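Each chain is listed here by its residues.
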Amino acid sequence: WAKSDGKAKWALFDPERNAREVARFTLSATMPAAIERGEFYLDYQPLVRLSDGQLVGAEALVRWRHPEFGLLAPDRFIGLAEETGQIVPLGRWVLREACRQARLWQDRFGSRAPFISVNLAVRQSRDPGLVADVAKVLADTGVEATRLQLELTESAVMGTADEPLDALRALSAMGVRIAIDDFGTGYSNLAYLRHLPVHELKIAGSFVEGLRASAADGSHVVDARIVGTLVSLAHALGLGVTAEGVETEAQARRLDDIGCDSGQGWYFARPGPPDQINRLLS
Ligand code: C2E
Ligand code: MG
Ligand code: MG
Ligand code: MG
């Protein structure tokens, strides 16, 4: 797995780098069996309507209970899975598991059930089987398409070839909601955004952070203006808008004042087991 550029030689002599590479290789090599063995599980984080604090949705976030390395956050293995292509089977498992849970909520809470929001990696959005996979999972689990939201990054939807866009249009036509995740951190072509089958913008937590701080350099004022502008932009485009990384009551209030529709973050709830959602709705 040593790269064939000049740095490869270094890997042989740099023990730290070598250990990192060995860990990556081990993770990558054990991933397919780990799916089979049930080492992955999902936490769910509430999505909350800011105007009345109602829980409206839940984002599924994958974790890996690794027998050797312990509990792994997605940052440790999602990028790797993208590189190797294993994100496609892993993502398929995530979608199925999230929809299985969504069905339980649908049965238990009816119209009060939260919609389920599932992250899609760039590679998944380009997978030719995506639309058929989603349709099959919805049919198998009995989840209504309108209760599923797919979160894609800007790079997954912007300036790409026609195929992924066709897939998003097909999903959208089925009733599936499309959200742009971490909005503001990538490159978006605003003129182009108008023509995309997108329903929701999720403003990256890095902008929301500034809503509570009072940095000496005044960057918090700039951040507040950026958030206000992104909310106006979303609404001008007829889209809903969710703020990520809401950690304080002050931020939640500011966001509500600005007109942001929904929030997600530690102030409301940390990602947790499905039971947390059950308790919040009971
Ligand atoms: P994301 O989709 O933007 O998810 C939000 C991340 O912010 C989560 O990190 C969540 O735990 C964290 N977070 C939530 N509230 C707060 C807060 O108030 N403050 C701060 N500082 N952070 C907060 P997590 O679970 O570690 O996931 C990291 C990223 O990994 C996700 O970012 C997403 O891009 C990716 N990811 C997670 N699950 C999946 C998956 O099933 N498939 C794919 N393709 N990517 C996933
Ligand atoms: Mg997300
Ligand atoms: Mg995000
Ligand atoms: Mg993120």
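For the structure itself, look to the data block above.
Residues numbered from 1 in each chain as written. Chains lettered and ligands numbered in written order. Predicted model: local features only at pLDDT ≥ 70, side-chain atom pairs only at ≥ 80, totals over all residues. Heavy atoms only, no water.

Student: How should the pairing of strand β4 (residues 115-119) be read in this particular structure?
Tutor: Successive residues of a regular strand alternate their side chains across the two faces of the sheet. Among the 5 residues that make up β4, 4 are buried, leaving the element largely enclosed by the rest of the structure. In this structure, strand β2 (residues 55-66) lies alongside β4, joined through 4 bridges in parallel fashion. Its bridge partner being in β4, E59 is matched across the sheet by S117. (Buried < 20%, exposed > 50% of the residue type's maximum accessible area, 1.4 Å probe, protein only. Helix = DSSP H or I, 4+ residues; strand = E, 2+ residues; numbered from the N terminus. Pairing = 2+ DSSP bridges.)

Student: Explanation requested: the packing of helix α4 (residues 87-109) against helix α6 (residues 130-141) in the structure shown.
Tutor: Relative orientation of the contacting elements α4 and α6 amounts to 30 degrees, with a least axis distance of 9 Å. On the basis of the axis angle, α4 is roughly parallel to α6. Two packed elements cross with a definite hand, and for α4 against α6 that hand is right-handed. Touching R92, L95, R96, C99, R100 and R103 of α4 are D133, V134, K136, V137, L138, D140 and T141, all from α6. (Axes fitted to C-alpha atoms, helices over the stretch in contact; angles between N-to-C directions. Parallel < 35°, antiparallel > 145°, perpendicular 65-115°, else oblique. Left-handed = near helix turned anticlockwise from the far one by under 90°. Contact = heavy atoms within 4.5 Å.)

Student: It is not clear to me how the site of ligand 1 should be interpreted in this structure. Could you clarify?
Tutor: Around ligand 1 there are 23 residues in total, and R63, N119, D181, E247 and W266 lie nearest to it. Here an oxygen atom of ligand 1 and a side-chain polar atom of E59 are 2.9 Å apart. D182 is positioned with one of its side-chain polar atoms (N or O) 3.2 Å from an oxygen atom of ligand 1. In isolation ligand 1 offers 800 Å² of accessible surface; the protein chains occlude 79% of this area. Of all the secondary-structure elements, those providing two or more residues to the shell around ligand 1 are β2, α3 (74-84) and β6 (177-183). Counting residues per element, the shell around ligand 1 draws most heavily on β2, which supplies 4 residues. Grouping the constituent residues of the shell around ligand 1 by class yields 10 nonpolar, 5 polar and 8 charged. (Near = heavy atom within 4 Å. Polar contact = N/O pair within 3.5 Å; in protein donor to acceptor, adjacent residues only side chain to side chain. Areas by Shrake-Rupley, 256 points an atom, 1.4 Å probe, with all protein chains shown as cover. Nonpolar A, V, L, I, M, F, W, Y, C, P; charged D, E, K, R; others polar.)

Student: Explain the environment of H235 to me, please; I cannot follow it from the model alone.
Tutor: With respect to the element layout, H235 can be found in helix α11 (residues 219-236). The exposure class of H235 is partly exposed, given its relative accessible area of 36%. For the pair H235 and C260, spaced 25 residues apart in sequence, the C-alpha to C-alpha distance is 9.1 Å. With residues up to four places along the chain from it excluded, the contact list for H235 reads V241, G259 and D261. Here D261 takes part through its side chain, which lies 3.0 Å from a polar atom of the side chain of H235.

Student: How do you make sense of the environment of P271 when you look at a structure like this?
Tutor: Here P271 is to be found in the loop between β9 (262-263) and α13 (274-281). It is 9.1 Å that separates the C-alpha atoms of P271 and L42, two residues lying 229 residues apart in sequence. Once residues within four sequence positions are removed from consideration, P271 is found in contact with D43, Y44, Q45, L61, R63, W266 and Q276.

Student: Can you walk me through the coordination of the magnesium ion (ligand 2) in this structure?
Tutor: Note on metal sites: the ideal angle is 109.5 degrees for four tetrahedral donors, and 90 or 180 degrees for six octahedral donors. The coordination sphere of the magnesium ion (ligand 2), as far as protein atoms go, consists of E59 (OE), N119 (OD1), E151 (OE) and D181 (OD), spread over 2.0 to 2.3 Å. Going along the chain, you hit the donors of the magnesium ion (ligand 2) in the pattern E-x59-N-x31-E-x29-D. The distance between the magnesium ion (ligand 2) and the magnesium ion (ligand 3) is 3.9 Å, with D181 acting as a donor to both metals. One end of the pair, N119, is in strand β4; the other, E151, is in strand β5 (residues 148-153), with 32 residues separating them in the sequence. Looking at N119, the relative accessible area reads 28%, which means it is partly exposed. Residue E151 is classed as buried on the basis of its relative accessible area, which comes to 1%. (Donors = N, O, S within 2.8 Å, 3.2 Å for Na, K, Ca; no water.)

Student: How should the pattern of salt bridges be read in this particular structure?
Tutor: Where charged atoms from two side chains of opposite charge come close, those side chains can pair. Counting across every chain of the model gives 15 salt bridges. Across the salt bridge formed by E144 and R147, the nearest N and O atoms sit 3.7 Å from each other. Its relative accessible area of 42% is what places E144 among the partly exposed residues. Here R169 makes a salt bridge to D166, at a shortest N to O gap of 3.5 Å. Of this pair, R169 and D166 are both found in helix α8 (residues 162-174), 3 residues apart, which corresponds to roughly one turn of the helix. Relative accessible area serves as the criterion here: at 39%, R169 is assigned to the partly exposed category. Using a relative accessible area of 44% as the deciding quantity, one classes D166 as partly exposed. Taken together, the shared-partner salt bridges connect E59, E151 and K202 into one network. (Salt bridge = Lys/Arg side-chain N within 4 Å of Asp/Glu carboxyl O.)

Fair warning: the whole summary comes from geometry, so function is off the table for now.
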